[in-house]
Structure formats: structure tokens, C-alpha cells
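What the coordinates show
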Amino acid sequence: MPRTSPKVALDALLTGNRRFVGGTQDHPNQDAARRAELAPGQEPFAVILGCSDSRLAAEIIFDQGLGDLFVVRTAGHVLGAEVLGSVEYATSVLGCRLVVVLGHDSCGAVAAARASVEDGTPAPGFVRDVVERVTPSVLAARAAGLTEDSDIIDTHIRHTADLLMERSRVLAAQVASGEVAVVGLGYQLADGNARLVTSHGLDTAEEL
């Protein structure tokens, strides 16, 4: 689905996710012919910035295949220069029309940040860097009076999407022009459903 619109890209992901939830996957673009077709180059239609959690494999939960998604994963979908550069490459060079922040329930990075805030529990080694990048989301949720895990995770998804827009002038300009949209999705581990949490540059009233 190269060079499509942001809305069509989102619809394709959500439709694929419904197939996954219902056990009616198409498993598209996963054969030898597709592999050969992609050898000269790629044109993914969406870039997924997701948590590294092993239960959050984007191509599986959205029922996509080779060459469909450009996937960037970090614990807690935290942002750094490498992540921002990867997202900008996906939209500016590869032509991705949709940027998805993909979070999920029972996120270990969010739980660790919450423990650090509430109990002063320190994180070891470089895990501390991940925790420190998630902590602003936990603090924002607390300031808003939110205490449920689901609300804190949604806050973190929104915060990551907002940071993408704030830190990347390239992405902000693409969204302002209507060329690209940024959305945040929350994935439920038990039932496999991905729901819309936030959006920049896309009219999502019907989905919401």
C-alpha cells in the first residue's frame, strides 16, 4: 500500500487488527514472491514506534507482512535521537504516511517508572535511563488525578506522540501539511485489540 493517505493507512492497520482479534488473519505479503519483489527497495505505508515487549509484534497484531511496516521499538516506546531519526527517515525517505505510537497494558517500563515515583525504587544500570524518560508521563497522570494503570499508560502514549511532534520539526511540518498523521494506539494483551488513544493531523471522530 505505498504512497497512501494517513487515513487509509490507519484503516488498514485497524482492519488487520480486527482480523487478528477474530482469528481470521490473511497473513499477507509473506511468501517468496513478496520477498523477491522487495529485494530492490521498500515502500512501507506506516511506521510503528512500539514498546519492545515480546508480546507486541506489530506485523502479527496488525496482520501485515514483509515491506508493509517500518518498525522502531524501544522499552516503553521512549524517544531518543536515534528513534527520531528513524521516524523521520521512514516518513521523509520511505514515504510512510502514518506514524503510530504503540503502547500496551502491563508495560514494565511504566510500572518501573511508577515504582520509582511512588516508592523511590531505583532502577539498575541503563534501565534507569528508560525509567527517567517514562517518569514525566507518570507525573503528568498523577497531577491530573489519574491512578489507574490504564489511564497512566494512555497518558504515556499521548505524551510520546506529543514529544514526536514537539521534537521533530520535519514531522511537525509533514503533519501540518496533511502529508502524514501521528496516532497513538493502546494494545490489550489479553484480547489483542488495538484502540485509538490520540491523534495529530487526522480526523478520528468516527474511530473514537
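The text that follows walks through the structure, step by step, so that each part is easy to find. Note that the structure is a prediction, hence the values are computed from the model and not measured.

Definitions and limits used
Counting restarts for each chain, with residues numbered from 1 along the sequence as it is written. Only residues with pLDDT of 70 or above have their local features reported here, since the model is predicted, and side-chain atom pairs are shown and tallied only from 80 upward, although totals for entire chains, interfaces and linings are computed over all residues. As a rule here, side-chain values cover all heavy atoms of the structure and leave hydrogens and water aside. Numbering goes from the N terminus for both helices and strands, where a helix is a DSSP run of H or I of at least four residues and a strand is a run of E of at least two. Note that the radius of gyration is over C-alpha atoms, with the globule rule given as 2.2 Å times the number of residues to the power 0.38. Buried means the residue's accessible area, taken with a 1.4 Å probe over protein chains only, is under 20% of the maximum for its type, while exposed means over 50%, and partly exposed covers the values in between. Using the Shrake-Rupley algorithm and a 1.4 Å probe, accessible areas are obtained, with residue cover drawn only from the displayed protein chains. Counted as positive: Lys and Arg. Counted as negative: Asp and Glu. His and the chain ends are not counted at all. To locate a charge, take NZ of a lysine, CZ of an arginine, CG of an aspartate or CD of a glutamate. The contact criterion used throughout is that any non-hydrogen atoms of two residues lie within 4.5 Å. Within this document, salt bridges are pairs made up of a side-chain nitrogen of Lys or Arg and a carboxyl oxygen of Asp or Glu, the two lying within 4 Å of each other. Between N-to-C directions, angles span 0 to 180 degrees; the directions come from axes that are lines fitted to C-alpha atoms, helices contributing only their stretch in contact. Whether a crossing is left-handed or right-handed is set by the direction in which the near helix is turned from the far one by less than a right angle, anticlockwise for left-handed and clockwise for right-handed. The classification used treats Ala, Val, Leu, Ile, Met, Phe, Trp, Tyr, Cys and Pro as nonpolar, Asp, Glu, Lys and Arg as charged, and all other residues, Gly among them, as polar. Any two strands between which DSSP finds at least two bridges are classified as paired. Put simply, buried Ala, Val, Leu, Ile, Met, Phe, Trp, Tyr and Cys residues joined by side-chain atoms within 4.5 Å make one nonpolar core.

With that settled, the discussion passes to the overall build of the protein chain. Tallying secondary structure elements over the protein chain gives eight helices and five strands in all. In sequence order, the secondary structure elements of the protein chain are arranged as α-α-β-α-β-α-β-α-α-α-α-β-β. Against the compact-globule benchmark of 17 Å for 208 residues, the protein chain has a radius of gyration of 17 Å, which places it among compact chains. Overall size of the protein chain, expressed as C-alpha extent along the three principal axes, is 55 × 40 × 40 Å. For the protein chain, the residues scored as buried account for 47% of the 208 residues in total. Working note: accessible area of the protein chain is about 9800 Å², and carbon and sulfur atoms make up 52% of it. Averaging the locations of the 17 positively and 27 negatively charged side chains of the protein chain gives two centres separated by 3 Å.

So, on to the side chain of Q174. On the secondary structure map, Q174 appears in helix α8 (residues 169–176). With near-sequence residues (within four places) excluded, Q174 lies in contact with T91, S92, E179 and V180.

Bringing the environment of F45 into the picture now. Mapped onto the elements of the fold, F45 is located in the loop between α2 (32–38) and β1 (46–51). Judged by relative accessible area, F45 falls into the buried class, the value being 1%. Counting along the chain gives 38 residues from F45 to K7, while the straight-line C-alpha distance between them is 11 Å.

Attention now moves to the pattern of salt bridges. Applying the stated criterion across every chain, the model contains eleven salt bridges. When the shortest N-O distance is used, the salt bridge between D63 and R19 registers 2.7 Å. Here R19 lies in helix α1 (residues 6–22) and D63 lies in the loop between α3 (58–61) and β2 (69–74), a separation of 44 residues in the sequence. Residue R114 is joined to D149 by a salt bridge in which the shortest nitrogen-to-oxygen separation is 2.3 Å. With a gap of 35 residues between them, R114 in helix α5 (residues 108–119) and D149 in helix α7 (residues 149–167) connect regions that are remote in the sequence.

Let's shift gears to the packing of helix α4 (residues 81–92) against α8. Look at α4 against α8: their axes get within 9 Å of each other, and the N-to-C directions meet at 40°. For α4 against α8, the interelement crossing comes out left-handed. For the pair α4 and α8, the contacting residues are V87, E88, T91 and S92 in the first and V170, L171 and Q174 in the second. Class assignment for the residues of the contact of α4 with α8 results in three nonpolar, three polar and one charged.

Right, let's talk about the pairing of strand β5 (residues 194–200) for a bit. In terms of strand pairing, strand β4 (residues 181–187) meets β5 through six bridges, oriented antiparallel. Paired with V182 across the bridge in β5 is H200. As consecutive antiparallel partners, β4 and β5 are separated by six residues, and within that stretch G192 has a phi angle of approximately 80°, a positive value.

Positive phi values are uncommon outside glycine, yet H27 reaches one of about 50°. Residue position: H27 is located in the loop between α1 and α2. With a relative accessible area of 48%, H27 lands in the partly exposed category. In the Ramachandran plot, D63 falls in the positive-phi region, its phi being about 50° despite a non-glycine side chain.

What follows concerns the nonpolar core. Counting 60 residues, the largest nonpolar core has L13, F62, L98, L102 and L164 as its most contacted members. The contact partners of F62, leaving out residues within four places of it in the chain, are L13, G16, N17, R19, I48, L102, L185 and A194.

Read from one edge to the other, the open sheet built from five strands follows the order β2-β1-β3-β4-β5, with strand pairing classed as mixed. Since the sheet does not close on itself, it has two edges, and those belong to β2 and β5, each with one partner. Here the strands of the sheet are splayed against their neighbours by 20° on average, with no regard to which way each runs. Sheet analysis places β1 next to β2, joined by six bridges and oriented parallel. Of the residues in β2, the one forming a bridge with C51 is T74. Against the sheet, α7 contacts β1, β3 (98–104), β4 and β5, and its axis sits at roughly 35° relative to β5.

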